Amino acid sequence: MRFLERPNFDFIGKRKVAYYASLTAIIIGLASIIVRGFELGIDFKGGTEVVIGFANPVEIGKIRATVFSEGIGGQIKEYGSPREIILTTDFKGDLNELQSTLSRILRRDFKDNPHEILRIDSVGPSIADDLRSAAINAILGALAMILIYVGIRFEFKFAAAGVIAIFHDVLIVAGLFSLLGGLFNAMPLEVDQSTIAAFLTIVGYSITDTVVVYDRIRENIKIRRNEPYEKIFNDSLNETLSRTIITSTTTLLTVVMLFIFAGPTIRGFAFAIGVGILIGTYSSVFIAAPLVLDWQLRTGGKLKLRG
């Protein structure tokens with residue numbers, strides 16, 4: 001199945017515009033990360049999270065007044081629907097005691113609106129530090145493996161450009177998490193373990209898309225030895241365009257359903273994957289292969305591809 005019949009877009013001719021657009025998005029994202037930071041989940045900052053469901057919608061202001069009057073600090077937000085709230089607190093004591101206290105004061109002040117504590121999780125500071133280190137190591141390890149794999153399969157220029165494209169994808173998604181984190185109750189966009197899983201998924205998806213383009217470039221270089229690299233790269237991008245659009249669209253549809261119908265806990269993960277697919281598709285066309293071309297044009301000579 002082909003989505004487009006004989007596309008002939010000038011991707012290579014527009015690559016400089018794409019470079020500037022990507023650079024702008026990355027700079028804005030990095031500035032936000034430095035200035036605002038991230039909304040960290042309890043996985044990475046430690047503390048306790050309590051999700052409470054009510055029979056009827058509740059006013060967040062009244063819940064805050066009740067909970068804070070007992071000396072329990074933290075943040076209280078709506079959690080996906082007006083009948084559910086999430087309490088994030090730095091409480092590090094006995095969870096049974098916290099649960100009993102919350103149940104008692106909510107029964108006292110909301111007699112006509114029965115509640116149920118749906119979830120209560122707690123993470124200590126040392127565990128949070130370990131999880132944060134493990135997450136960073138997982139991403140760096142994945143990038144190192146990709147660098148080695150693509151370097152063996154093609155050559156170092158392709159591997160390095162692929163890893164740069166992955167950094168590009170992850171940095172833009174991370175920048176969006178920083179910019180939008182905490183702005184929407186239905187989608188908190190906190191950075192937690194599920195976000196790291198999403199980043200690793202983006203890493204895998206992005207390099208898969210890029211390798212498909214690389215494969216076509218390698219085939220065309222072998223067949224069309226006397227043609228300029230600019231034309232070979234641009235034709236290869238056009239030849240794989242249908243496959244790229246179909247694969248990305250079908251995957252994206254699944255993620256959209258997950259985003260709509262899954263709860264707030266999964267919504268941040270679905271958002272990261274969805275944006276990552278879009279950015280990864282863009283970078284496989286406008287970043288990875290064009291970077292290899294520019295690198296090759298600067299160094300000169302012939303590309304010697306393996307396989």
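Please read these numbers as outputs of a predicted model, since none were measured by experiment. (Residues numbered from 1 in each chain as written. Predicted model: local features only at pLDDT ≥ 70, side-chain atom pairs only at ≥ 80, totals over all residues. Heavy atoms only, no water.)

Enquirer: Any chance you could break down the pattern of salt bridges for me, citing the residues and the numbers?
Expert: Overall, the coordinates contain 15 salt bridges when judged by the stated rule. Between Glu49 and Arg119 there is a salt bridge, and its shortest N-O distance comes to 3.5 Å. Of this pair, Glu49 sits in strand 1 (residues 47-54) while Arg119 sits in strand 4 (residues 115-123), and the two are 70 residues apart along the sequence. Since its relative accessible area comes to 9%, Glu49 is described here as buried. Judged by relative accessible area, Arg119 falls into the partly exposed class, the value being 27%. Close ionic contact of Asp215 with Arg153 constitutes a salt bridge, the shortest N to O distance being 2.7 Å. Highlighted residues: Asp215 in helix 7 (residues 193-223) and Arg153 in helix 5 (residues 125-153), separated in sequence by 62 residues. Its relative accessible area of 26% is what places Arg153 among the partly exposed residues. Each member of the salt-bridge network shares a partner with another, and the members are Glu70, Arg104, Arg108 and Asp109. (Salt bridge = Lys/Arg side-chain N within 4 Å of Asp/Glu carboxyl O. Helix = DSSP H or I, 4+ residues; strand = E, 2+ residues; numbered from the N terminus. Buried < 20%, exposed > 50% of the residue type's maximum accessible area, 1.4 Å probe, protein only.)

Enquirer: Give a detailed account of the environment of Asp235, specifying residues and quantitative values.
Expert: One can find Asp235 in helix 8 (residues 229-239). Here Asp235 falls in the buried class, since its relative accessible area comes to 15%. For the pair Asp235 and Arg6, spaced 229 residues apart in sequence, the C-alpha to C-alpha distance is 9.8 Å.

In short, geometric facts, not functional conclusions.
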